[in-house]
Amino acid sequence: MFVQEEKIFAGKVLRLHVCASDGAEWLEEATEGTSVEKLKERCLKHCAPGSLEDPKSVTHHKLIHAASERVLSDAKTLLEEHVQDEDVILLIRKRAPAPLPKMAEVSAEEKKKQEQKAPDRDAIFRATASLPSHNMDRAVVQTSARDFQTELRRILVSLIEVAQKLLALNPDAVELFKKANAMLDEDEDERVDEAALRQLTEMGFPETRAAKALRLNHMSVPQAMEWLIEHAEDPTIDTPLPGPASQGEAGAEATPAAGTSEEEEARDELTEIFKKIRRKREFRPDARAVISLMEMGFDEKEVIDALRVNNNQQNAACEWLLGDRKPSPEELDKGIDPESPLFQAILDNPVVQLGLTNPKTLLAFEDMLENPLNSTQWMNDPETGPVMLQISRIFQTLNRA
């Protein structure tokens, strides 16, 4: 009697319960060293005779260990897959992969996406060609918005003139304007952004230099840092900005000679204080924007004019330079027609009348001419806020009318 060599060294024989997907069940014997692929071939031969003639039949099925719910690897043996005696094995046909879409289906899918896309400009014009026009052209809306800003500036210019005249009539006019000048000095000397100052000092810049750079560059940290680097070797970098002391000396020099009347002295002193206030509020162009626009080929003067008209906004200034250049810089300093219904309505308002006698209102108007973005700050101020609110309401009411 001869025994096959593979059975002598095959190892332990396992009795496995096999279940097929069609409900068939049977007992299959295999040694621990049998590969999963060999066991799968036996199972297919038992439940589907002749199926092995198709070489794809084995690859289209898989064996699953029921207890652990694991898919058994074809390349491993039953021992390596930790299959035990009396375990249940499931013979399952693999799920067929989804067929690739046909060209017709792809076209239909693309067509569906196109139908769901938003209409383009031409499609909108075609669909609305028969509708009546309501004068809502984008250019008209932009022009209206620009006119609003220009008109508001003209209102402020005229109100500044009225406020100066009203305050000059006050017996205490000189003291009032000295107070206003002091408020302006305090505003310039003390309003340094602490967070911005800390950023620069942490970079190693001295505090006094950092504060000076921030004041010269409208509290912009990047521009202040560039200024500090560019002027590092400048011998006057530590020279403080003109303060109340130097301005006081200038005022002393401007004091009229002895022998003039008290009224003329007061008028001259008021004129000097007006000049100081106006000089402190002079426009300072953004240095970085000036360089960028000049690199495009524009002249320095027209670049500064563009930035002044557009409140230091580089993109808006570039559009102004490339466009019709309206409003012109000269128009910025022109006030509103004193006989216009708008200006008369503003002057007739009691809240505005009372506010124009306050030096702080004059400062607010001056500040907003230079920095329109500061309007929110003055709108929230308890003294100037009510005045600005009334001007805004009157303008919007008459503008709608």
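Computed from a predicted structure; not experimentally measured. (Residues numbered from 1 in each chain as written. Predicted model: local features only at pLDDT ≥ 70, side-chain atom pairs only at ≥ 80, totals over all residues. Heavy atoms only, no water.)

What follows deals with the pattern of salt bridges. In total, this model carries nine salt bridges according to the counting rule given. Note that Asp74 and Lys40 form a salt bridge whose closest N and O atoms lie 2.9 Å from each other. On the criterion of sequence distance, the pair formed by Asp74 in the loop between strand E4 (70–71) and strand E5 (88–93) and Lys40 in helix H2 (residues 36–47) is long-range, its members being 34 residues apart. A relative accessible area of 28% places Asp74 in the partly exposed class. (Salt bridge = Lys/Arg side-chain N within 4 Å of Asp/Glu carboxyl O. Helix = DSSP H or I, 4+ residues; strand = E, 2+ residues; numbered from the N terminus. Buried < 20%, exposed > 50% of the residue type's maximum accessible area, 1.4 Å probe, protein only.)

For Asp85, the position within the fold is in the loop between E4 and E5. Considering only alpha carbons, one finds Asp85 and Val13, 72 residues apart in sequence, at a separation of 7.9 Å. If near-sequence neighbours (up to four positions away) are discounted, Asp85 is found in contact with Val13, Leu14 and Arg15. Here the side chain of Asp85 touches Arg15 through a polar contact of 2.6 Å, landing on its backbone nitrogen. (Contact = heavy atoms within 4.5 Å. Polar contact = N/O pair within 3.5 Å; in protein donor to acceptor, adjacent residues only side chain to side chain.)

Taken in spatial order, the five strands of this open sheet run E2-E1-E5-E3-E4, and their pairing is mixed. Unpaired on one side and paired on the other, strand E2 (25–31) and E4 mark the two borders of the sheet. Direction of pairing for strand E1 (residues 13–20) relative to E2: antiparallel, over a ladder of seven bridges. Among the inter-strand pairings, Val18 is bridged to a residue of E2, identified as Trp26. (Pairing = 2+ DSSP bridges.)

In terms of nonpolar packing, the biggest core is built from 24 residues, with Ile155, Leu159, Leu342, Ile346, Phe365, Met368 and Ile391 touching the most fellow members. The set of elements that each furnish at least two residues to this core consists of helix H6 (138–168), helix H17 (341–348), helix H19 (359–370) and helix H21 (385–400). Tallying contributions element by element places H6 first for this core, with seven residues. Sequence-distant contacts of Ile346, defined by excluding residues within four places in its chain, comprise Ile155, Leu159, Val352, Ile391 and Ile394. One finds Val18, Ala20, Ala30 and Leu91 within the second-largest nonpolar core, a separate group that totals 17 residues. (Core = buried A, V, L, I, M, F, W, Y, C linked by side-chain atoms within 4.5 Å.)

Our focus in this paragraph is the side chain of Glu28. The topology assignment puts Glu28 in strand E2. In this structure Glu28 is buried but unpaired, with Arg42 as the nearest side chain of opposite charge at 4.2 Å. A polar contact is formed between the side chain of Glu28 and the side chain of Trp26, at a distance of 2.8 Å. When sequence neighbours within four positions are dropped, the list of residues in contact with Glu28 reads Leu14, Arg15, Leu16, Val18, Leu39 and Arg42. (Lys, Arg positive; Asp, Glu negative; His and termini not counted.)

The next thing to look at is unusual backbone geometry. Even without being glycine, Glu69 reaches a positive phi, approximately 60 degrees. Within the secondary structure layout, Glu69 lies in the loop between strand E3 (61–65) and E4. We note that Arg325 has phi near 60 degrees; this positive angle belongs to a residue other than glycine. Tracing the sequence through the fold places Arg325 in the loop between helix H15 (314–322) and helix H16 (329–332). Of the residues examined, Arg325 reaches a relative accessible area of 29% and is grouped as partly exposed.

The next point concerns the pairing of E3. Summarising burial for E3: four of the five residues are buried, a large majority. By the bridge criterion, five bridges tie E3 to E5 in an arrangement that is antiparallel. Residue pairing across strands places Ile64 opposite Leu90, the latter belonging to E5. Two elements, E3 and E4, share two bridges in a ladder whose sense is antiparallel. Within the sheet, the bridge partner assigned to Ile64 lies in E4 and is Val71.

Time to look at helix H8 (residues 194–202). For H8, the complete set of buried residues consists of Ala196, Leu197 and Leu200. One side of H8 holds all its buried residues, which, seen down the axis, span an arc of 100 degrees. Every exposed residue of H8 that faces more than 90 degrees away from the buried side is listed here: Glu194 and Glu202. Those residues of H8 that are buried are in contact with helix H9 (207–216) and helix H10 (221–230). (Arc of directions from axis to C-beta.)

Turning our attention to H19. An ideal rise of 1.5 Å per residue puts 16 Å on twelve residues; H19 measures up with 17 Å between its terminal C-alpha atoms. Within H19, twelve of the twelve residues are buried, leaving the element largely enclosed by the surrounding structure. Looking at H19, one finds that the buried residues are Pro359, Lys360, Thr361, Leu362, Leu363, Ala364, Phe365, Glu366, Asp367, Met368, Leu369 and Glu370. Two or three places before Lys360, at the start of H19, stands the capping residue Asn358, its side-chain oxygen 3.0 Å from that residue's backbone nitrogen. (Expected span 1.5 Å × (residues − 1).)

What follows deals with the pairing of E1. Counting the residues that bridge the hairpin from E1 to E2 gives four residues, and of these Gly23 lies at a positive phi of roughly 100 degrees. The pairing of E1 with E5 spans four bridges and is classified as parallel. Within E5, the residue paired with Ala20 across the bridge is Leu91.

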